[in-house]
Amino acid sequence: MALGFFALAIFLFLNLDVDNGSFSSASAASSTEGVEITYGTVLKLMHERTKFRLHSHEVPYGSGSGQQSVTGFPNVDDSNSYWIVRPEPETSAKQGDPINSGTIIRLQHMRTRKWLHSHLHASPISGNLEVSCFGGENDSDTGDYWRLVIEGSGKTWKQDQRIRLQHVDTSGYLHSHDKKYARIAGGQQEVCGLREKRADNIWLATEGVYLPVNESK
């Protein structure tokens with residue numbers, strides 16, 4: 001498993017265009033429609049209605065928790081919108097395993113290595129549940145746990161499949177809307193948690209490096 005993650009890290013290093021902030025065409029071509037998503041996959045999550053990508057950067061919130069902010073980003077070619085799909089700690093799940101609906105997962109921000117997180121702080125614009133990035137490589141808690149809810153009849157998570165992510169501690173769904181920041185993150189839209197099922201809770205996995213399913217027993 002460690003060797004697999006090392007190989008993935010080398011692949012990403014060689015294919016990531018740091019100056020331009022995007023993956024090279026070699027890695028972008030590695031994703032195809034309907035591919036099964038496994039642990040270790042690096043992907044972007046697109047908000048279905050607005051088409052903005054789930055994004056984070058080393059800019060803290062000016063209110064609430066003061067943790068690293070999470071937003072919706074309008075441009076596709078942005079390296080701060082990549083997330084690594086990780087299992088819940090202390091489970092037998094390993095790299096390459098498929099992910100069933102109802103499973104608890106974590107999303108690690110590729111650039112900063114922090115975890116997609118939520119809690120009871122109020123989000124800056126709408127006053128819903130704040131969503132942030134927090135912790136580090138070996139620093140994760142239950143505030144980083146999200147339950148995968150697949151919409152429709154699918155049982156395992158696939159690219160371009162409509163999903164919801166429900167935060168385990170607060171029961172809030174990962175949510176976004178047309179409310180945009182005006183200053184520090186101008187043009188980016190708020191991402192928050194909402195305890196109601198709405199159309200704005202729906203996300204799809206889009207661009208990324210999709211690892212093959214582990215066939216070992």
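Not measured: the values here are computed from a predicted model.

## Here's the deal with the side chain of T206
Looking at the secondary structure, you find T206 in strand β14 (residues 203–209). Within polar-contact distance, the side chain of T206 engages the side chain of E207 at 2.7 Å.

## Remarks on the packing of aromatic side chains
Counted according to the given criterion, the structure contains zero aromatic pairs. Directly above the aromatic system of Y82 lies the positively charged group of K44, at a separation of 4.7 Å from the ring centroid. If you follow R106 out to its NZ or CZ, it ends over the ring of W115, 4.1 Å from the centre.

## Concerning the side chain of H109
Mapped onto the elements, H109 comes out in strand β7 (residues 104–109). Residue classification places H109 among the buried residues on the basis of a relative accessible area of 0%. In this structure the side chain of H109 is engaged in a polar contact, spanning 2.8 Å, whose partner is the backbone oxygen of N80. Residue contacts for H109: discarding those within four places in its chain leaves S56, H57, Q68, N80, Y82, W83, K114 and C133.

## Thoughts on the pairing of strand β8 (residues 115–122)
In this sheet, strand β9 (residues 129–134) lies alongside β8 in antiparallel orientation, the contact comprising five bridges. Residue pairing for β9: W115 is matched across the bridge by F134. In sequence, β8 turns back onto β9 through a hairpin of six residues, with G127 there showing a positive phi of about 75 degrees.

## Here's the deal with the confidence of the model for the chain
Across the chain, the average pLDDT comes to 86, with 83% of residues at 70 or higher. Here residues 1–31 is modelled with pLDDT under 50, and outside its nearest four sequence neighbours on either side it reaches 46 contacts, counting other chains as well.

## What to know about the pattern of salt bridges
Tallied over the entire structure, the rule returns eight salt bridges. Close ionic contact of E48 with R162 constitutes a salt bridge, the shortest N to O distance being 2.8 Å. Here E48 is found in the loop between β3 (42–47) and β4 (53–60), whereas its partner R162 is found in the loop between β10 (146–150) and β11 (163–167), with 114 residues between them in sequence. R162 gets classed as partly exposed once you look at its relative accessible area, which sits at 36%. One network of salt bridges, in which partners are shared, links R49, D178 and D200.

## Here's the deal with unusual backbone geometry
Outside of glycine, negative phi angles account for most residues, and trans bonds account for most peptide bonds. One non-glycine residue, R113, lies in positive phi territory at about 70 degrees. For R113, the position within the fold is in the loop between β7 and β8. Residue R113 is classed as partly exposed on the basis of its relative accessible area, which comes to 29%. Of note, the phi angle at S171 is positive, near 70 degrees, even though the residue is not glycine. For S171, the location among the structural elements is in the loop between β11 and β12 (173–180). For S171, a relative accessible area of 36% translates into the label partly exposed.

About the cut-offs
- Residues numbered from 1 in each chain as written.
- Predicted model: local features only at pLDDT ≥ 70, side-chain atom pairs only at ≥ 80, totals over all residues.
- Heavy atoms only, no water.
- Helix = DSSP H or I, 4+ residues; strand = E, 2+ residues; numbered from the N terminus.
- Polar contact = N/O pair within 3.5 Å; in protein donor to acceptor, adjacent residues only side chain to side chain.
- Phe/Tyr/Trp six-rings, centres within 6.5 Å; stacked < 30°, edge-to-face > 60°.
- Lys NZ or Arg CZ within 6 Å of the ring centre and 35° of its normal.
- Buried < 20%, exposed > 50% of the residue type's maximum accessible area, 1.4 Å probe, protein only.
- Contact = heavy atoms within 4.5 Å.
- Pairing = 2+ DSSP bridges.
- pLDDT = per-residue confidence, 0-100.
- Salt bridge = Lys/Arg side-chain N within 4 Å of Asp/Glu carboxyl O.

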